[in-house]
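# Structure at a glance
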Amino acid sequence: MLDLLGRPLRDLRISVTDRCNLRCTYCMPAEVFGPDYAFLPRAELLSFEEIERLARAFVSLGVRKLRITGGEPTLRRDLPTLIAALAAIPDVEDVAMTTNGLLLPRVAADLRAAGLKRVTVSIDSLDPEVFGRMNGLGTHPQKVMDGIEAALTAGLGVKVNTVVQRGVNDAGLRELWLALRELAPVRFIEFMDVGNHNGWNLDSVVPSREVLARLGGEAGAGHFQPVRADYRGEVASRYADPTGREVGLISSVTAPFCGDCSRARISAVGVLYTCLFASGGTDLRAALRGGASDAALRDLIAGVWAGRNDRYSEERGEATAALRPKVEMSHIGG
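No experiment lies behind these values; they were computed from the predicted model shown.

### Re the sheet that holds strand β4 (residues 118–122)
What the 12 strands build is an open sheet, ordered β7-β8-β9-β6-β5-β4-β3-β2-β1-β10-β11-β12; its pairing is mixed. Each edge of the open sheet is held by one strand with a lone partner, namely β7 (225–227) and β12 (282–283). The pairing of strand β1 (residues 11–15) with strand β2 (residues 65–69) spans five bridges and is classified as parallel. What sits directly across from Asp11, in β2, is Lys65.

Next comes the structure, spelled out in structure tokens:
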């Protein structure tokens, strides 16, 4: 199943809620998503049965990896029930989740028992003041560290994501890398213009090559050696220090990887998006609740993917970023 640029459909990201227990400035800034913000009523969210049915349709078209996202997915009640259903689908090779980690001490063991294999945990600084400002609620980074420890104890694979913003958290990158490198691979992400409210501009982007140089200390980027990608579509360029500890760089701004993108995304209300920066999508919930057969669902999804030609990151400019409306990251989980 190939799109117009010859890219296969291999990965599906499924949002299970638009709610979150943080207000990160680059995703759900508090001034927009405040106390009076109207989140989706439960009836509008896809049910677990509907999510499973869509997942099966995508798997029949070539998807092999499923990732649960949000908002914050651990806020969705009875999430292990969904994980178990997805893990049982034939030909699914991997079920993972992206999370802020705050609730992992409560749920990690149950999620692992249900069939979850990996989590990607977001933490942007170990400095309490910096992290508290970035997450919008003053939450202490130790709460995320506790979540990482809980995931590791439960037997989950763990990766750590850090969004890098110049003048915000870039001064503490080496400290974070040194503290976390024994626990999990850390991936540093260039600040991107996802959604419409994060105040993105090119001056706030720290290029990945600069990040790598900072992590290497006096040795600079030469401290690290490149690691060969495991598969086509791997978003992070991986490097290893002399002891083999890996760091990942996700360079959507300075080195776009649209040409190998194999990811589709479903929002919590069942809209299919074929790009993280999409302005619009295809309503799959309407088909589900309108009585569409499995074959009709499959044909609908296949038609969307066959017509896909998204490559926003290769076309990005500051004017483009400012003028083009995009789906909010809180709806599709990044």
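Here the narrative resumes, following the displayed structure.
### Considering the environment of Leu9
Note on placement: Leu9 falls in the segment before β1. You can call Leu9 buried: its relative accessible area is 1%. Distance in space between the C-alpha atoms of Leu9 and Ala302 is 9.4 Å, their sequence separation being 293 residues. For Leu9, the residues in contact, after removing those within four places along its chain, are Met1, Phe58, Leu61, Gly62, Val63, Ser262, Ala264 and Trp305.

### Concerning helix α3 (residues 104–114)
Restricting attention to buried positions, one finds in α3 the residues Leu104, Ala108, Leu111 and Ala114. Buried residues of α3, seen end-on, are gathered within an arc of 135° and therefore sit on one face of the element. Turned more than 90 degrees off the buried face of α3, the exposed positions are Arg106, Ala109 and Ala113. Those residues of α3 that are buried are in contact with α2 (79–87), β3 (94–99), β4 and α5 (141–154). Positive phi shows up at Gly115, right after α3, with a value of about 125°.

### Some points on the side chain of Asp3
Relative to the helices and strands, Asp3 is located in the segment before β1. At a separation of 2.9 Å, a polar atom in the side chain of Asp3 contacts the main-chain amide nitrogen of Leu5. There is a polar contact of 3.0 Å between the side chain of Asp3 and the backbone nitrogen of Gly6. What Asp3 contacts, discounting residues up to four positions off in sequence, is Trp305, Ala306 and Arg308.

### Thoughts on the packing of helix α1 (residues 48–60) against α2
One way to put it is that α1 packs onto α2 with a least axis distance of 10 Å and a crossing angle of 25°. Compared by their axis directions, α1 and α2 come out roughly parallel. As α1 packs across α2, the resulting crossing turns out to be right-handed. Judged by residue contacts, Phe48, Ile51, Glu52 and Ala55 of α1 engage Leu79, Thr81, Leu82, Ala85 and Leu86 from α2. Looking at the contact of α1 with α2 residue by residue, the classes come out as seven nonpolar, one polar and one charged.

### Observations regarding the UniProt feature "binding site: GTP" (unreviewed entry) in the protein
Using the residue numbers shown here, the UniProt feature "binding site: GTP" (unreviewed entry) corresponds to Arg13, Arg67, Thr98, Lys159, Arg263, Ala264 and Arg265. By the secondary structure assignment, Thr98 is in strand β3. A polar side-chain atom of Thr98 sits 3.0 Å from a polar atom in the side chain of Arg67.

### Digging into the pattern of salt bridges
Here the structure, examined in full by the defined rule, presents 19 salt bridges. Between Asp3 and Arg308 there is a salt bridge, with the nearest N and O atoms lying 2.9 Å from each other. Of this pair, Asp3 sits in the segment before β1 while Arg308 sits in the loop between α9 (294–306) and α10 (312–315); the two residues are 305 residues apart in sequence, bridging distant segments of the chain. On the accessibility criterion, Arg308 (2% relative accessible area) is buried. For Glu315, the salt bridge goes to Arg311, with nearest N and O atoms at 3.7 Å. Note on Glu315: relative accessible area 44%, which makes it partly exposed. Salt bridges sharing partners connect three or more residues here, namely Asp3, Arg7, Arg308 and Asp310.

### Examining α9
The terminal C-alpha atoms of α9 lie 18 Å apart, and with 13 residues this matches the ideal 18 Å at 1.5 Å per residue to within 8%. Three or more residues of α9 are buried, namely Leu297, Ile301, Ala302 and Trp305. Around the axis of α9, the buried residues are gathered within 130° of arc, so they sit on the same side.

Cut-offs used in this document
Residues numbered from 1 in each chain as written. Predicted model: local features only at pLDDT ≥ 70, side-chain atom pairs only at ≥ 80, totals over all residues. Heavy atoms only, no water. Pairing = 2+ DSSP bridges. Helix = DSSP H or I, 4+ residues; strand = E, 2+ residues; numbered from the N terminus. Buried < 20%, exposed > 50% of the residue type's maximum accessible area, 1.4 Å probe, protein only. Contact = heavy atoms within 4.5 Å. Arc of directions from axis to C-beta. Polar contact = N/O pair within 3.5 Å; in protein donor to acceptor, adjacent residues only side chain to side chain. Axes fitted to C-alpha atoms, helices over the stretch in contact; angles between N-to-C directions. Parallel < 35°, antiparallel > 145°, perpendicular 65-115°, else oblique. Left-handed = near helix turned anticlockwise from the far one by under 90°. Nonpolar A, V, L, I, M, F, W, Y, C, P; charged D, E, K, R; others polar. UniProt positions renumbered as here; feature names shortened; annotations may be inferred. Salt bridge = Lys/Arg side-chain N within 4 Å of Asp/Glu carboxyl O. Expected span 1.5 Å × (residues − 1).

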